[in-house]
Amino acid sequence: MGLLECCEGLFGTSNLYQVLGVEKEASEAEIRRGYYKVSLQVHPDRVPDNEQATEKFQVLGKVYAILSDKEQRAVYDEQGIVDEESDTLRQDRSWDEYWRLLFPKITVDDIKAFEAKYKGSEEEASDVRKSYMDHKGNMDRIMVSVLCCTYEDEPRIREIIEKAIAAGELPAFDAFTNEPEKKKAARKRQANREKREAEKMTKDMGLVDDEDSLKALIQARQKSREQKMDSFLTDLEAKYCKKGGKGRAGKKGKK
């Protein structure tokens, strides 16, 4: 299966820019940040023993490799095709090593510090409003897409949206204002299921049975978060990030 088909199957779009959550006109730095934001959520260190997460991580590496190469990006922009047989996409490449060359190893403390700063911030509120518009008020998708969000955050997320609707900043989508109770109940059941699984993993792995460990495992089992860590990542890039390498052009595959 080609890269574009893999993107469609794993991320719901064959548009490489959408996969990284950036615009077509994005700068190199914005593409780099987009890659980091999305790939961090499915990195093997963060979501171990998860086959789909590993596959997503590998595909994200290929997407970034294409868009960070000026020649291949130009071909993709102009013709909608990618170079399936180039060195950039060679099958024996270690995408984990590639990732580590681009970015430093981020610690759990780094992630916790970001979460503490992010939750309750204007950045989070802005992300919630954007997600609400992107998903037309669908709370299932909003709860998946907002960063650092678990079921316990839902009342707070709803409050952000309701205040924005009352202030005339957001339209009142029917999917939000008249969400069926059975959908809310299904979301709660899913959250409880994830909590039980995380509790079992905590016990099986011999981890400390505290709130932070349990929460980390719950978040690790949830779907990839789609949107921003801009402030955090910009700070990290300024301190740590190295410049990535380039690939070579070769035979092309159709979109």
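Refer to the structure presented above.
Residues numbered from 1 in each chain as written. Predicted model: local features only at pLDDT ≥ 70, side-chain atom pairs only at ≥ 80, totals over all residues. Heavy atoms only, no water.

K.L.:
Help me understand the overall build of the protein, please; the structure alone is not making it clear to me.
P.N.:
Counting secondary structure elements, the protein contains 14 helices and zero strands. Within the protein, the fraction of its 255 residues that count as buried is 45%. A separation of at least 24 residues holds for 71% of the contacts in the protein among residues at least 6 apart in sequence. Surface exposure of the protein reaches about 14100 Å², of which carbon and sulfur atoms provide 48%. (Helix = DSSP H or I, 4+ residues; strand = E, 2+ residues; numbered from the N terminus. Buried < 20%, exposed > 50% of the residue type's maximum accessible area, 1.4 Å probe, protein only. Contact = heavy atoms within 4.5 Å. Areas by Shrake-Rupley, 256 points an atom, 1.4 Å probe, with all protein chains shown as cover.)

K.L.:
Help me understand the packing of helix α8 (residues 122-134) against helix α10 (residues 154-166), please; the structure alone is not making it clear to me.
P.N.:
Pairs of packed helices are described in terms of their axes, by the angle between the two and the distance that separates them. Closest axis-to-axis distance for the α8/α10 pair is 10 Å, and the angle between their directions is 75°. Overall, the two elements α8 and α10 adopt an arrangement that is roughly perpendicular. Between α8 and α10, the residues in contact are Glu124, Ala125, Val128, Arg129 and Tyr132 and Arg156, Ile157, Ile160, Ile161, Ala164 and Ile165, respectively. When its residues are assigned to classes, the contact of α8 with α10 shows eight nonpolar, no polar and three charged. (Axes fitted to C-alpha atoms, helices over the stretch in contact; angles between N-to-C directions. Parallel < 35°, antiparallel > 145°, perpendicular 65-115°, else oblique. Nonpolar A, V, L, I, M, F, W, Y, C, P; charged D, E, K, R; others polar.)

K.L.:
Any chance you could explain helix α5 (residues 70-79) here in plain terms?
P.N.:
Turn by turn, an α-helix covers 3.6 residues, leaving residues three or four places apart pointing in a common direction. Listed in full, the buried residues belonging to α5 are Gln72, Arg73 and Tyr76. With its buried residues spanning 100° around the axis, α5 presents them on a single face. Facing away from the buried surface of α5 by more than 90 degrees, the exposed residues are Lys70, Glu71 and Glu78. Check the buried side of α5 and you find it contacts α1 (3-11), α2 (16-20), α3 (28-41) and α4 (51-67). Two or three places before glutamate 71, at the start of α5, stands the capping residue aspartate 69, its side-chain oxygen 3.1 Å from that residue's backbone nitrogen. Directly beyond the C-terminal end of α5, a positive phi value near 70° is found at glycine 80. (Arc of directions from axis to C-beta. Polar contact = N/O pair within 3.5 Å; in protein donor to acceptor, adjacent residues only side chain to side chain.)

K.L.:
In this structure, what is going on with unusual backbone geometry? I would like to understand it.
P.N.:
Peptide bonds are trans in most cases, and residues, glycine excluded, mostly fall at negative phi. With a phi angle near 50°, lysine 136 is a residue other than glycine that sits in the positive phi range. Positionally, lysine 136 belongs in the loop between α8 and α9 (139-145).

K.L.:
So what exactly am I meant to see when it comes to the environment of glutamate 179 here?
P.N.:
Mapped onto the secondary structure, glutamate 179 falls in the loop between α11 (174-177) and α12 (181-204). Distance from glutamate 179 to glycine 137, taken between C-alpha atoms, is 9.1 Å for residues 42 residues apart in sequence. Within the structure, the side chain of glutamate 179 is placed 2.3 Å from the side chain of arginine 158, a separation counted as a polar contact. Among the polar contacts made by the side chain of glutamate 179, one reaches the side chain of arginine 187 at a distance of 2.8 Å.

K.L.:
Sorry, what's going on with the pattern of salt bridges here?
P.N.:
A side chain with one charge may pair with a side chain of the opposite charge, provided their charged atoms come close. According to the stated counting rule, one finds 14 salt bridges in the structure shown. Ionic pairing is found between glutamate 154 and arginine 158, a salt bridge with its closest N-O pair at 3.3 Å. Remark: arginine 158 and glutamate 154 occur in helix α10; sequence separation between them is four residues, near one turn of the helix. Notably, a salt bridge pairs lysine 163 with glutamate 159, separated by 3.3 Å at the nearest N-O pair. Linking lysine 163 with glutamate 159, this pair stays in helix α10, spanning four residues, or about one helical turn. Overall, glutamate 159 belongs to the partly exposed group, its relative accessible area being 39%. Among the ionic contacts, a cluster of salt bridges with common partners joins Asp140, Glu154, Arg158, Glu179, Lys183 and Arg187. (Salt bridge = Lys/Arg side-chain N within 4 Å of Asp/Glu carboxyl O.)

The analysis is restricted to geometry; functional conclusions fall outside its scope.
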